[in-house]
Amino acid sequence: MKLATFNINGIKARIEALPRWLEAARPDVVTLQEIKSVDEAFPRTLFEDMGWRVETHGQKSFNGVAILSRLPLEDVTRGLPGDEADEQARWIEATVIGEGRAVRLCGLYLPNGNPVEFEASGRPIASGKYGYKLAWMARMEARARALLALEEPVVLAGDYNIIPQDEDAARPEVWRSDALALPESRAAFRRILHLGYTEAFRAQVQGPRHYSFWDYQAGAWEKNNGIRIDHLLLSPQAADLLRDVKIDKAARGEEKPSDHVPVWIELDA
DNA sequence: ATGGTTGCGTAGCAA
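Before going into details, it helps to say that this report is about the structure given with it. Values in this document were obtained by computation on a predicted structure and should not be read as measured data.

A few points about the protein's contact with DNA strand B
- DNA strand B sits among 18 residues. The nearest are S61, K129, Y216, Q217 and K256.
- A breakdown of the atoms of DNA strand B within 4 Å of the protein gives sugar and phosphate a share of 73%.
- One nitrogen or oxygen atom from the side chain of S61 is found 2.8 Å from a phosphate oxygen belonging to DNA strand B.
- Contact distances for DNA strand B include 3.1 Å between a sugar or linking oxygen and a side-chain N or O atom of K129.

In structure tokens:
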């Protein structure tokens, strides 16, 4: 089973690039982030005509996640539990029915968290967008813990807006006081990992200069000034099935690209 | 130091 995650930065803007990538990469399932569309405006039939099942959790103008699948999906749920008042569309789950076995798949778009406010002492203040990010991650930790209790293959795939370590940025010094790299953000990410998840990419690839996002500005792509913020976390039962992982870097160099590239894994399922 | 870009939606925010 080939599972991918792809922050497309707007379905309307990627109406050509996304189908092109799907045809070339042929994943079985894809979680999409930043569809930036309400469910009714998502071009569902375009993908259904290509053979994809389509499940969206959209929102006007911002955020929005979706799952496209060639395999059957069951028990689709929308929204991250833990805050009924949260209206941001950043979480979708489905059970993917593979040939061998089923995988519980979560597609997530973790809050960016910028701008961060600081006290005079230099300590970040956990309020506003940064506070929302940390609170959201605490809710995700609870959901990730509950999913582990299933003792089944679980994949948490998406745009985490977390640079896990300095080696995951071309210019780590630029990100020191950014919500994507602040110690509290990284610690919250590690807390989820340390529940018992495996980060798929780092299970197979070591070392610097592996990125999944390059800013549109200031020639970031041309200078390879990127960051690695799109991740797939695997429960132990999923990690045991991991065969291959790849960041599809070439997608960033194609026509009208997203600022993120797809990351995919191959599971023995 | 500043501006550098793209998307959504048609101003200004988000990233």
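A closer look at the side chain of E199
- In this fold, E199 is placed in strand β11 (residues 198–199).
- According to the relative accessible area criterion, E199 is buried, its value standing at 9%.
- When residues no more than four places from it in sequence are discounted, the contact partners of E199 are P164, F189, L193, R228, H231, L232 and L233.

Details of the pairing of strand β16 (residues 263–267)
- Counting buried positions along β16 gives four out of five residues, so the element sits mostly inside the fold.
- Pairing analysis gives four bridges linking strand β1 (residues 2–7) to β16, with the strands arranged antiparallel. Considered in β16, the bridge of K2 is made with E266.
- Relative to β16, strand β15 (residues 242–247) is paired through five bridges, and the arrangement is antiparallel. By the bridge assignment, I247 is partnered in β16 with V263.

Comments concerning helix α4 (residues 183–193)
- For α4, every residue scored as buried is listed here: S185, R186, A188, F189, I192 and L193. The arc that holds every buried residue of α4, seen down its axis, measures 160 degrees, which confines them to one face.

Section: the pairing of β1
- Of all six residues in β1, six are buried; the element is thus mostly enclosed.
- Residue alternation in β1 divides its side chains into two sets, K2, A4 and F6 and L3, T5 and N7, and both sets are buried.
- Sheet topology places β1 next to strand β2 (residues 29–33); five bridges connect them, and they run parallel. What sits directly across from T5, in β2, is T31.
- Note that the unit made of β1, helix α1 (residues 17–25) and β2 has a crossover that is right-handed.

Considering α1
- Listed in full, the buried residues belonging to α1 are A17, L18, P19, W21, L22 and A25.
- Turning to α1, the residues buried within the fold contact β1, β2, α2 (44–48), β4 (65–69) and β16.
- Positive phi appears at R26, one or two residues downstream of α1, with a value of about 50 degrees.

Brief notes about the side chain of R252
- Summarising the element assignment, R252 is placed in the loop between β15 and β16.
- This buried residue, R252, is left without a salt bridge; D259 holds the nearest opposite charge, at 6.5 Å.
- Separated by 3.3 Å, the side chain of R252 and the backbone oxygen of D215 make a polar contact.
- Setting aside its immediate chain neighbours within four residues, R252 contacts W214, D215, Y216, W221, P257, S258, D259 and V261.

Some words on the sheet that holds strand β14 (residues 230–234)
- Taken in spatial order, the six strands of this open sheet run β5-β6-β7-β10-β14-β11, and their pairing is mixed. Of all strands in the sheet, those bounded by a partner on one side alone are β5 (73–78) and β11.
- For β11 and β14, the ladder comprises two bridges, and the chain directions are antiparallel. Of the residues in β14, the one forming a bridge with E199 is L233.
- Contacts from α4 reach β11 and β14, with the element oriented near 30 degrees to β14.

Observations regarding the packing of aromatic side chains
- Counted under the stated rule, the structure contains six aromatic pairs.
- Measuring from ring centre to ring centre gives 5.6 Å for Y160 and F189, while their planes differ by 85 degrees; the resulting arrangement is edge-to-face. With Y160 in the loop between β10 (154–159) and α4 and F189 in helix α4, this pair connects stretches of sequence that are 29 residues apart. The same class applies to Y160 and to F189, which are both buried.
- Where Y211 meets W214, the ring centres are 6.4 Å apart and the plane angle is 80 degrees; that geometry is what we call edge-to-face. In this structure, Y211 and W214 share a single accessibility class: buried.
- The rings of Y211, W214 and W221 are connected pair by pair, giving a single aromatic cluster.

Cut-offs used in this document
- Residues numbered from 1 in each chain as written.
- Chains lettered and ligands numbered in written order.
- Predicted model: local features only at pLDDT ≥ 70, side-chain atom pairs only at ≥ 80, totals over all residues.
- Heavy atoms only, no water.
- Near = heavy atom within 4 Å.
- Polar contact = N/O pair within 3.5 Å; in protein donor to acceptor, adjacent residues only side chain to side chain.
- Helix = DSSP H or I, 4+ residues; strand = E, 2+ residues; numbered from the N terminus.
- Buried < 20%, exposed > 50% of the residue type's maximum accessible area, 1.4 Å probe, protein only.
- Contact = heavy atoms within 4.5 Å.
- Pairing = 2+ DSSP bridges.
- Arc of directions from axis to C-beta.
- Right-handed = clockwise from strand over helix to strand, strands pointing away.
- Lys, Arg positive; Asp, Glu negative; His and termini not counted.
- Salt bridge = Lys/Arg side-chain N within 4 Å of Asp/Glu carboxyl O.
- Axes fitted to C-alpha atoms, helices over the stretch in contact; angles between N-to-C directions.
- Phe/Tyr/Trp six-rings, centres within 6.5 Å; stacked < 30°, edge-to-face > 60°.

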